[in-house]
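# A structural walkthrough
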Amino acid sequence: MKIVFYNPSRIIGGAEHLFFRLYKFYLERGHECKVVDYSDGAFSKLGIPPEDIVAVKSVRQCFQVSCDFFILPPNFSYEALYAVKANETAKFIFWSIHPYNCIPTLPLSAYKRLGESSFLKRMIDFVVLGRQISYARRLFKTASEKKSLVFMDGENYSYARRFLNYPVSRHFLPVPVPPISEIAGSPGGQAAERHFFWVGRLVDFKIGALNRLIHDLDAWSRNQPTPLTLHVVGSGEAEKQMRPTTYLNVEKHGYVDNQSLHRMLATSADAVFSMGTSVLEGAAIGLPSFIIMPTYQVLGDVNSYMPLSETRNFDLGSFSAVEGLLKFDDLVAGNYFDRAYAAACQGYVLEHHDLAQVADRLLDMAKSSEFMFGEVKASYKKRFISRLLFSILKGK
């Protein structure tokens, strides 16, 4: 099979690791696999050789591929479908890996903080995004009907269904974790010091979650008999918004490659806090692992924690979750940092997020897709001024 992933990016985050893992897995299975990216983009940094990168200078540049399956996050559809030239029989799969993937938005923090019922947001959507919203609804309704729209979790599905106002087909494909050789020692107990980890980029919808963790750990540290350190693994433009601490030690590590991160977690961590794919990796290593809910607020809600094994519909972070969320004090009182809970997290990942199982399911879904390039060429090659402008301003 010939497989192409579309995800041009200059930063390495969860989506980039996701497609890189699948790229490597499919190559090892004998498939031909390529990634559309910048020549100096994230995937070359991760190790994909130049001959397997369909290089573009910007998302506005047209490119040509020959493939059986073309796989992309829905938010890239506007640029990808305009720019791509493929064989008529190439099948498309839109894999929603973020709640807003199917929903046109503006890349502005002030806009993202507006509530769905906000009059200002409705006016901006009508004036600036109206044409794009109509296009997205038509495209993703068609994609759902043609079995080509899949969701990493229930949160993505719920957002898409609400936006489309349509009975979207319920096709879930949870994100995988790679085989991890590093295994953690026994968590909990009376250690000389304790080390908790935040793993994730420091961006607008994550910084409030990190600040909630810093706030809670700082308060908890005040009465702990042993020193407590929070290790922040990740970087981003929101780093300057991190809260100061009084009792908690904070160590910033910036970006850490996967192999080094796994070793660091296995040898040092007592627990991992994150959202998305990173929380799965902590669990696979055998650590108590917790999802912190994303937010565009400066400080996340007090009820922001979800023990990984208790999540539903594969959710790895939800803007709208209410049921099942815990306070940090609930985690302490419930003995969630002990060895038994670490084993529960590891078991959850092995059952639902095995790389081989997810990769096989993705191919099965791609084979079932009825959305082909012929339809793209006829109906979905459109330019949008707002996206064109922001791609130029952001250097994409």
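What this report covers is the structure whose coordinates are included nearby. For clarity, every value in this text was computed on a predicted model and none was experimentally measured. All residue numbers refer to positions counted from 1 along the written sequence of the respective chain. Reporting in this predicted model follows two pLDDT cut-offs: at least 70 for local features of residues, and 80 or more for side-chain atom pairs to be given and counted; totals over whole chains, interfaces and linings ignore these cut-offs and use all residues. As a convention, hydrogens and water are excluded, and side-chain values are obtained from all of the structure's heavy atoms.

So, about the side chain of histidine 195. Helix and strand assignments come from DSSP, with helices taken as H or I runs of at least 4 residues and strands as E runs of at least 2, each series counted from the N terminus. Topologically, histidine 195 is positioned in strand β9 (residues 194-199). Each polar contact in these results corresponds to two N or O atoms within 3.5 Å; when the atoms are within protein, one needs to be able to donate a hydrogen and the other to accept it, and residues that are neighboring in sequence are counted only if both atoms are side-chain atoms. Among the polar contacts made by the side chain of histidine 195, one reaches the side chain of glutamate 193 at a distance of 3.5 Å. Separated by 2.8 Å, the side chains of histidine 195 and histidine 231 make a polar contact. Any pair of residues with heavy atoms lying within 4.5 Å of one another is described as a contacting pair. Residue contacts for histidine 195: discarding those within four places in its chain leaves Thr229, His231, Ser268, Ala269, Asp270 and Ala271.

What follows deals with the side chain of serine 318. Assignment of secondary structure puts serine 318 in the loop between β14 (305-307) and α11 (328-333). Think of it in three bands: with a 1.4 Å probe and only protein chains considered, a residue is buried below 20% of the maximum accessible area for its type, exposed above 50%, and partly exposed in between. Overall, the relative accessible area of 5% leaves serine 318 in the buried class. In this view, serine 318 contacts Glu155, Met293 and Pro294; residues no more than four positions away in its chain are not counted.

Attention shifts here to the pattern of salt bridges. For salt bridges, the criterion is a side-chain nitrogen of Lys or Arg within 4 Å of an Asp or Glu carboxyl oxygen. Across all of its chains, the model carries eleven salt bridges by this definition. Measuring nitrogen to oxygen at the nearest pair gives 2.9 Å for the salt bridge that ties arginine 312 to glutamate 323. Of the two residues, arginine 312 is situated in the loop between β14 and α11 and glutamate 323 in the loop between β14 and α11; the sequence distance between them amounts to eleven residues.

Sheets are built from strands that pair by backbone hydrogen bonding, the pairs being arranged parallel or antiparallel. If you walk across this open sheet you meet the six strands as β3-β2-β1-β5-β7-β8, and the pairing is parallel. Only two strands of the sheet have a single neighbouring strand rather than two, namely β3 (53-56) and β8 (149-151). Averaged over all pairs of adjacent strands, the angle between their axes in this sheet comes to 20 degrees, without regard to strand direction. Strand pairing is defined by DSSP finding a minimum of two bridges between the two strands. The pairing of strand β7 (residues 91-96) with β8 spans three bridges and is classified as parallel. Residue pairing across strands places phenylalanine 94 opposite leucine 149, the latter belonging to β8. Between N-to-C directions, angles span 0 to 180 degrees; the directions come from axes that are lines fitted to C-alpha atoms, helices contributing only their stretch in contact.

Structurally, the α-helix is built with 3.6 residues per turn, so residues lying three or four positions apart point the same way. Multiplying 1.5 Å by the helix residue count minus one yields the expected span of that helix. Look at helix α6 (residues 130-145): 23 Å from first C-alpha to last across 16 residues, which is about the 22 Å you get at 1.5 Å a residue. Listed as buried for α6 are Gln132, Ile133, Tyr135, Ala136, Leu139, Phe140, Thr142, Ala143 and Ser144. Lysine 147 sits one or two residues past α6 and shows a positive phi near 60 degrees.

Tracing the backbone through its elements, the reader meets phenylalanine 290 in strand β13 (residues 289-292). Owing to a relative accessible area of 0%, phenylalanine 290 belongs among the buried residues under this scheme. In this structure, the C-alpha to C-alpha distance between phenylalanine 290 and tyrosine 305, residues 15 residues apart in sequence, is 6.5 Å. Apart from residues lying up to four places away in sequence, phenylalanine 290 is in contact with Ala271, Val272, Phe273, Ser274, Val279, Met306, Pro307, Leu308, Leu331, Tyr336, Phe337 and Tyr341.

Turning our eyes to something else, we now look at the pairing of β7. With respect to burial, β7 is a largely interior element, six of its six residues being buried. Along β7, one buried face is formed by Lys91, Ile93 and Trp95 and the opposite face, lined by Phe92, Phe94 and Ser96, is buried too. Judged from the four bridges that link them, strand β5 (residues 69-72) and β7 form a sheet pairing that is parallel. What sits directly across from phenylalanine 69, in β7, is lysine 91.

Here serine 379 is to be found in helix α14 (residues 373-379). Each C-alpha atom, one on serine 379 and one on leucine 280, is 38 Å from the other, the two residues being 99 residues apart in sequence.

The next thing to look at is the sheet that holds β9. Taken in spatial order, the six strands of this open sheet run β11-β10-β9-β12-β13-β14, and their pairing is mixed. Each edge of the sheet is formed by a strand with only one pairing partner; in this case those strands are β11 (249-254) and β14. Ignoring which end each strand starts from, the neighbouring axes of this sheet average 25 degrees apart. Relative to β13, strand β12 (residues 271-274) runs parallel, the two being bridged by three bridges. Across the sheet, residue serine 274 finds its bridge partner in β13, namely isoleucine 291. Running at roughly 150 degrees to β9, helix α9 (residues 258-268) makes contact with β9, β10 (228-233), β11 and β12 of the sheet. Its contacts with the sheet put helix α10 (residues 277-285) on β9, β12 and β13, and the angle it makes with β13 is roughly 170 degrees.

Alternating residues of β5 divide into Phe69 and Ile71 and Phe70 and Leu72, and every residue in both groups is buried. The sheet contact formed by strand β1 (residues 2-6) and β5 spans three bridges and is parallel. Looking at the pairing, isoleucine 3 lines up with phenylalanine 69 of β5.

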